[in-house]
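Structure assessment
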Amino acid sequence: MNAIETMDLTKKFGSLTVVDSVNIKVEQGGIFGLLGPNGAGKSTIISMLCTILKPTSGTALVNGYDIVKFPSQVRKSIGIVFQDPSVDDRLTGKENLEMHADLYGVPASEKRSQIDKVLELVELSDRGNDLVRNYSSGMRRRLEIARSLVHTPKVLFLDEPTIGLDPQSRDHIWSYIRELLKTEDITIILTTHYMEEADKLCKQVAIVDRGQIVALDTPESLKEKLGGETITVKSQNNPLYVEKIKEAGIAKSVVIAGDEVKVTVDSAHTILPSIVNIAALNHIFIESISLQEPQLDDVFLHYTGRALREGGGKELSGMGAIMRRQIR
Amino acid sequence: MSELRGIYTLWQREIKRYLRERTRLASSFFQPLLWLVIFGSGLGLSIRSSTGLNYQEYIFPGIIGQTLLFTSMFMGISLIWDRQFGFLKEILVAPISRISIFVGKMLGVSTDSMIQGMIVLMLGFLIGVKITLPIVIKVIPLMLLVTLGTACIGLTLACFMDSLESYGTIMTFVNMPMFFLSGALFPVNNLPSWLQWVVYVNPLTYGVDALRIVILDGAYVSSFPLYMDLTIIIAFDVFMILAGTYSFSLRK
Ligand SMILES: Nc1ncnc2c1ncn2[C@@H]1O[C@H](COP(=O)(O)OP(=O)(O)OP(=O)(O)O)[C@@H](O)[C@H]1O
Ligand SMILES: [Mg+2]
């Protein structure tokens, strides 16, 4: 059985199609990453999978239960950390967890030990009796993670669990998640803007753009598929540069990411001179240039035409947008 | 069973939050006191009672009714609050029915109002109303009946509103007419007939009348028989609970 299987899952808000016939299968165990720029529809997919939004059409199975027909079975099987905060800050950390245990019908005999266990996991044992309003934002996030685990869900949704946290808190959260995978029989669906983390943690990733799945595979194969290497150039006229490189027909893909041009080529060593030549011929001044093996960032850029940074990527505009359509 | 546990924990949350808000508790203690003491004694001097009750005694049950109405209307805002601060999502995604969520909320808000109402009831001795044990025993269930309906009014309105500000505005529009045209402050028999009509459709009218019958214990000549008050209050409660749960389940 798959942990999750969606069948033409679709959500429309009025005339706007936010999730467009999504078909994904998520195997049990490990972390499945949902990556995509802001507004791609990741949170909407998660909302439907956790039954707080009804699909416009299509459906999905979560832990074997149909989200439309058996929402309450689905709810019992899942845990979720929403993108936006959802703890009650007038209650203490423990009270939040107790309430959760009651809402999910955690047996009274296990309630206490379960709460202590999750508090320990997120290193909040000594702060459990403090009001949440006195917590830092990192502590609140950790509490939410703890809360989502109180009823030992089979499938856990983490929608940007580390958003807005400092690197240290982020590392902490990732290490809890790794710990969790070791000790529990659980499948995690993760959305994040941190590509290196997704690369390291995820067994599989789906790249979502405009409500559609544009790529789905292991991070390794995605990078392999992209192939070749990436030349990153910073020039003083990026749009013109992109156009000229494109005309020369020597690159697999050319896109603007922020203030840089990313050129994907089969072999950087042989093509690099031509790239530099094109700049010279067109009087484009190059500020810097570098070579890398492809990263998940590049995969993302390749499929969506947008860079994914903290706080989200920017839309390509003008020339870039046109290029993007040609590349696809 | 698990639904009951869910209702219980939501109810408990509402009360914890309420009791932790010290300033609100204090202010809600003073407001009825001001009405009773200042308004009651001020206006009392210029009103000659025909019933043998002094004016403060006369309005005392009305002020209890007011407290129940105002508190539960005010606490209805907690639903919007929960939505804005994201906590509602945590409840909505839990394996518990919308009906239970609404009922938990309703009981919570009603309990808050009851706490408030009981405080005001205890103020009775300040103005010389004797609150005996039999009265307390009768008045508690009555207050609960009154407040269940008003709690549902607040929560139902909150289902349709997205901002705290718009709820605040609507709240005033509901509170003031319901309070002033309930007979809480003056007998309504002498009002012009078009206004009297409003009084008769106002559920609080029957609440206040019943509270007077019970609290003033014989000294008050009621506008309606007690059984009629109770029937109307209960009918209104049932209607509002249904309307409220329905409205709540309508939202996504
Ligand atoms: N209730 C709603 N009504 C109308 N449009 C909505 C609603 N919820 C979401 N949308 C739209 O759906 C699109 C997808 O939103 P969603 O929150 O799923 O994106 P996301 O991929 O999670 O983005 P982010 O990375 O910013 O969290 C957005 O364009 C958003 O404006
Ligand atoms: Mg999102």
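We now turn to the structure provided with this report. (Residues numbered from 1 in each chain as written. Chains lettered and ligands numbered in written order. Predicted model: local features only at pLDDT ≥ 70, side-chain atom pairs only at ≥ 80, totals over all residues. Heavy atoms only, no water.)

Notes on the overall build of chain B
Of regular secondary structure, chain B possesses 11 helices and 0 strands. Secondary structure elements of chain B occur, N-terminal to C-terminal, as α-α-α-α-α-α-α-α-α-α-α. Computed over the C-alpha atoms, the radius of gyration of chain B is 18 Å, within 12% of the 18 Å expected from 2.2 N^0.38 for a compact globule of 252 residues. Dimensions along the principal axes, computed over C-alpha positions, put chain B at roughly 60 × 40 × 35 Å. Here the analysis covers contacts within chain B between residues at least 6 apart in sequence; of these, 79% occur between residues at least 24 apart. Only carbon and sulfur atoms are counted for the fraction: they give 73% of the accessible area of chain B, which is about 11300 Å². (Helix = DSSP H or I, 4+ residues; strand = E, 2+ residues; numbered from the N terminus. Rg over C-alpha atoms; globule rule 2.2 N^0.38 Å. Contact = heavy atoms within 4.5 Å. Areas by Shrake-Rupley, 256 points an atom, 1.4 Å probe, with all protein chains shown as cover.)

Describing the site of ligand 1
Residue and element names in this part refer to chain A. Surrounding ligand 1, one finds Phe13, Val18, Pro37, Asn38, Gly39, Ala40, Gly41, Lys42, Ser43, Thr44, Gln83 and His193. Within the backbone of Ala40, a nitrogen or oxygen atom sits 3.2 Å from an oxygen atom of ligand 1. The separation between an oxygen atom of ligand 1 and a polar side-chain atom of Thr44 is 2.5 Å. For ligand 1, whose free accessible area comes to 640 Å², the fraction covered by protein is 61%. (Near = heavy atom within 4 Å. Polar contact = N/O pair within 3.5 Å; in protein donor to acceptor, adjacent residues only side chain to side chain.)

Topic: the nonpolar core
Core analysis: the biggest nonpolar cluster contains 107 residues, and Phe157 of chain A together with Phe60, Ile64 and Ile215 of chain B have the highest contact counts within it. Sort the elements by how many residues they give to this core and helix H7 (residues 133-159) of chain B lands first, with 13 residues. Setting aside chain neighbours within four positions, we find Ile64 of chain B in contact with Val120, Leu121, Met143, Leu211 and Ile215 of chain B. (Core = buried A, V, L, I, M, F, W, Y, C linked by side-chain atoms within 4.5 Å. Buried < 20%, exposed > 50% of the residue type's maximum accessible area, 1.4 Å probe, protein only.)

Some points on the sheet that holds strand S12 (residues 229-235) of chain A
All names here are of chain A. Across the sheet, which stays open at both edges, the 4 strands sit in the order S13-S14-S12-S15 with antiparallel pairing between neighbours. With partners counted over all chains shown, the strands left at the sheet margins are strand S13 (253-257) and strand S15 (286-292), one partner each. Here the strands of the sheet are splayed against their neighbours by 20 degrees on average, with no regard to which way each runs. Taken together, the 6 bridges between S12 and S15 define a ladder with antiparallel strand orientation. Counted as the bridge partner of Lys234 is Ser288 from S15. Across the sheet, helix H10 (residues 268-281) lies against S12, strand S14 (260-265) and S15, angled at about 165 degrees from S15, the strand it touches most. (Pairing = 2+ DSSP bridges. Axes fitted to C-alpha atoms, helices over the stretch in contact; angles between N-to-C directions.)

Notes on the coordination of the magnesium ion (ligand 2)
Each angle at a metal carrying four tetrahedral donors should ideally be 109.5 degrees, and each at a metal carrying six octahedral donors should ideally be 90 or 180 degrees. Protein-derived ligands of the magnesium ion (ligand 2) are Ser43 of chain A (OG) and Gln83 of chain A (OE1), with the metal-ligand distances lying across 1.9 to 2.0 Å. Here Ser43 of chain A, found in helix H1 (residues 42-49), pairs with Gln83 of chain A, found in the loop between strand S7 (78-81) and helix H3 (93-103); they are 40 residues apart in sequence, far enough to count as distant. (Donors = N, O, S within 2.8 Å, 3.2 Å for Na, K, Ca; no water.)

Looking at the packing of aromatic side chains
Centre-to-centre distance and the angle between the planes together describe a pair of aromatic rings. All names here are of chain B. Under the definition given, this model contains 10 aromatic pairs over all chains. Pairing Phe70 with Phe179 gives two aromatic rings, centres 5.7 Å apart and planes at 70 degrees, and the pair type is edge-to-face. Here Phe70 is found in helix H3 (residues 55-75), whereas its partner Phe179 is found in helix H8 (residues 164-180), with 109 residues between them in sequence. Like Phe70, the residue Phe179 is buried in the burial classification. Measuring from ring centre to ring centre gives 5.2 Å for Trp81 and Phe85, while their planes differ by 25 degrees; the resulting arrangement is stacked. (Phe/Tyr/Trp six-rings, centres within 6.5 Å; stacked < 30°, edge-to-face > 60°.)

Looking at the side chain of Asp237 of chain B
Structurally, the position occupied by Asp237 of chain B is in helix H11 (residues 226-250). The side chain of Asp237 of chain B sits in the buried core without any salt bridge; Arg212 of chain B is the nearest counter-charge, 18 Å away. (Lys, Arg positive; Asp, Glu negative; His and termini not counted. Salt bridge = Lys/Arg side-chain N within 4 Å of Asp/Glu carboxyl O.)

Here we look at the pattern of salt bridges
All told, the structure shown has 25 salt bridges over all chains when counted by the stated rule. For Asp82 of chain B, the salt bridge is made with Arg13 of chain B, and the minimal N-O distance between the two is 2.8 Å. Of the two residues, Asp82 of chain B sits in helix H4 (residues 77-84) while Arg13 of chain B sits in helix H1 (residues 2-20), which places them 69 residues apart along the sequence. Asp82 of chain B gets classed as buried once you look at its relative accessible area, which sits at 2%. Among the residues examined, Arg13 of chain B registers a relative accessible area of 3% and is labelled buried. Residues joined in a network through salt bridges with shared partners are Asp88 of chain A together with Arg13, Glu14, Arg17, Asp82 and Lys105 of chain B.

Regarding the environment of Trp81 of chain B
Among the secondary structure elements, Trp81 of chain B is positioned in helix H4. Judged by its relative accessible area of 29%, Trp81 of chain B falls in the partly exposed class. Put simply, Trp81 of chain B and Ala158 of chain B are 77 residues apart on the chain and 9.5 Å apart in space, counted from C-alpha to C-alpha. Beyond its immediate chain neighbours, meaning those up to four positions away, Trp81 of chain B contacts Arg90 of chain A together with Arg17 and Leu164 of chain B.

Describing the interface of chain A and chain B
By a widespread convention, an interface's size corresponds to the accessible area lost as its parts come together. Contacts between the two partners involve 30 residues from chain A, matched on the other side by 22 residues from chain B. Each partner contributes to the roughly 2300 Å² buried at the junction of chain A and chain B, and carbon and sulfur atoms together form 55% of this total. Three residues stand out in chain A for area buried against chain B, namely Arg75, Arg90 and Leu103 of chain A, and they jointly supply 28% of the buried area on that side. Summed over the shared surface of chain A and chain B, the result is 7 salt bridges. A salt bridge links Arg17 of chain B to Asp88 of chain A, with the shortest nitrogen-to-oxygen separation between them at 2.6 Å. At the boundary of chain A with chain B, the tally comes to 12 residue pairs in polar contact (both at pLDDT 80 or more). Among the secondary structure elements, those contributing two or more residues to the side of chain A that touches chain B are helix H2 (71-77) and H3 of chain A. (Buried area = accessible area lost by both parts, 1.4 Å probe.)

Let's talk about the sheet that holds strand S10 (residues 204-209) of chain A
Within a sheet, each strand pairs with its neighbour through backbone hydrogen bonds, oriented either parallel or antiparallel. Residue and element names in this part refer to chain A. As summarised here, the arrangement of the 6 strands in space is S7-S8-S9-S4-S10-S11, forming an open sheet in which the pairing is mixed. The open sheet is flanked by S7 and strand S11 (212-217), the only strands paired with a single partner. Adjacent strand axes in the sheet meet at a mean angle of 15 degrees, parallel and antiparallel pairs treated alike. With 4 bridges connecting them, S7 and strand S8 (residues 155-159) associate as parallel partners. For Ile78, the partnering residue across the bridge sits in S8 and is Val155.

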